[in-house]
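# Observations on the three-dimensional arrangement
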Amino acid sequence: NAGVMQNPRHLVRRRGQEARLRCSPMKGHSHVYWYRQLPEEGLKFMVYLQKENIIDESGMPKERFSAEFPKEGPSILRIQQVVRGDSAAYFCASSRDGEGPQHFGDGTRLSIL
Amino acid sequence: DQQVKQNSPSLSVQEGRISILNCDYTNSMFDYFLWYKKYPAEGPTFLISISSIKDKNEDGRFTVFLNKSAKHLSLHIVPSQPGDSAVYFCAASDYNTDKLIFGTGTRLQVFP
């Protein structure tokens, strides 16, 4: 499967725990984007990364959220001390060179108990 | 501040007919527009895109039209098929940033 791979597909956490969402971009893609979709809403941009660099984090909440895309391995979106309002679908997308269409994974559905 | 708007939350079309999905935007800096299709529990699937230097782009049954003066774009699907039933999202970006700004989606239902 050469598409964008996200795992886990579903993640359940209790309030106060940490959530780690992983994304492996399409083969040959070096640009990764994270989006969040709340129920009945469109996708909202969170962060744009290239290998070892955060290019644009203008959509990231100021606290508790962080993202990385290390030289080796998948991109990670980390949410510390989760709250009920963090419940959403989190989608990762990748592109080859920052131009052209972004291709999306199937998302991680995060539920906070 | 909703920069990309899809004012029709739903659309119902008979199989074989044309489906027209509309999208309006407010930011004149947007120069690249995309349409995605999304099924439940899946990620958005890229359909077709258009840059601001064009006013039309066609790919098989899908055509996107861009009217820059009206800040409006539309997606035409003809002929519509039951498998086209999904939520369609319009998205836009500008040359300063690669982030996509999405509309809230239009749910298309194609019935036999």
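This text follows the structure it describes.
Here's a quick rundown of the structure. Just so you know, these numbers come straight off a predicted model, no measurement behind them. (Residues numbered from 1 in each chain as written. Chains lettered and ligands numbered in written order. Predicted model: local features only at pLDDT ≥ 70, side-chain atom pairs only at ≥ 80, totals over all residues. Heavy atoms only, no water.)

### Overview of the sheet that holds strand β1 (residues 5-7) of chain A
All names here are of chain A. Quick reminder of the rule: A pair of strands is considered paired only if DSSP assigns at least 2 bridges between the two. The secondary structure listing takes helices from DSSP runs of H or I that are at least 4 residues long and strands from runs of E that are at least 2 residues long, numbered from the N terminus. With axes taken as lines fitted to C-alpha atoms, and helix axes fitted only over the stretch in contact, angles between N-to-C directions fall between 0 and 180 degrees.
In spatial order, the strands read β1-β3-β8-β7; together these 4 strands make up an open sheet with antiparallel pairing. This sheet does not close on itself; its edge strands, each paired only once, are β1 and β7 (65-68). Ignoring which end each strand starts from, the neighbouring axes of this sheet average 15° apart. One ladder, built from 5 bridges, connects strand β3 (residues 19-24) with strand β8 (residues 75-79); its direction is antiparallel. Paired with R20 across the strands is R78, a residue of β8.

### Focus: the pattern of salt bridges
All names here are of chain A. Rules: Each reported salt bridge corresponds to a side-chain nitrogen of Lys or Arg within 4 Å of a carboxyl oxygen of Asp or Glu. Summary of the burial criterion: residues with accessible area below 20% of their type's maximum are buried, those above 50% are exposed, and those between are partly exposed, where the area comes from a 1.4 Å probe applied to protein chains only.
Scanning all chains against the criterion turns up 4 salt bridges over all chains. Across the pair R20 and E18 runs a salt bridge whose closest N-O atoms are separated by 2.8 Å. Residue R20 is classed as partly exposed on the basis of its relative accessible area of 39%. Residues joined in a network through salt bridges with shared partners are E18, R20 and R78.

### Description of the interface of chain B and chain A
We apply this condition: Only heavy atoms enter the contact rule, under which two residues are in contact if any of them lie within 4.5 Å. Buried area: the accessible area, evaluated with a 1.4 Å probe, that two parts lose upon being put together, summed over both parts. The nonpolar class holds Ala, Val, Leu, Ile, Met, Phe, Trp, Tyr, Cys and Pro. Asp, Glu, Lys and Arg form the charged class, and all remaining residues, Gly among them, are polar.
Across the contact, 18 residues belong to chain B and 22 residues belong to chain A. Summing the contributions of chain B and of chain A, the shared interface buries around 1,500 Å²; its carbon and sulfur component is 54%. The largest contributions to the chain B side of the interface with chain A come from B:D98, B:K99 and B:F102, which together make up 32% of the buried area. Our count for the chain B to chain A interface comes out at 0 salt bridges. When residues of the side of chain B that touches chain A are assigned to their parent elements, the largest contribution, 4 residues, is made by strand β4 (residues 30-38) of chain B. Here the residues of the side of chain B that touches chain A sort into 9 nonpolar, 5 polar and 4 charged.

### Some details on the nonpolar core
The nonpolar side chains of soluble globular proteins are, as a tendency, buried together. Rules: Joining through side-chain atoms within 4.5 Å is the link that ties buried Ala, Val, Leu, Ile, Met, Phe, Trp, Tyr and Cys residues into a set, and such a set is a nonpolar core.
Among the nonpolar cores identified, the biggest contains 24 residues, and B:F33, B:W35, B:L73, B:L75 and B:Y88 are the most heavily contacted of them. Listing elements by their share of this core, those giving two or more residues are β3 (19-25), β4, β5 (45-51), β7 (62-67), β8 (72-77), β9 (86-94) and β11 (106-111) of chain B. The greatest single-element share of this core, amounting to 4 residues, is contributed by β9(B). For B:F33, the residues in contact, after removing those within four places along its chain, are B:Y25, B:I48, B:S49, B:I50, B:L66, B:L73, B:A91 and B:A92. The next biggest cluster of nonpolar side chains, apart from the first, holds 22 residues, and it includes A:L77, A:I79, A:Y90 and A:C92.

Honestly, it's all geometry; don't read function into it.
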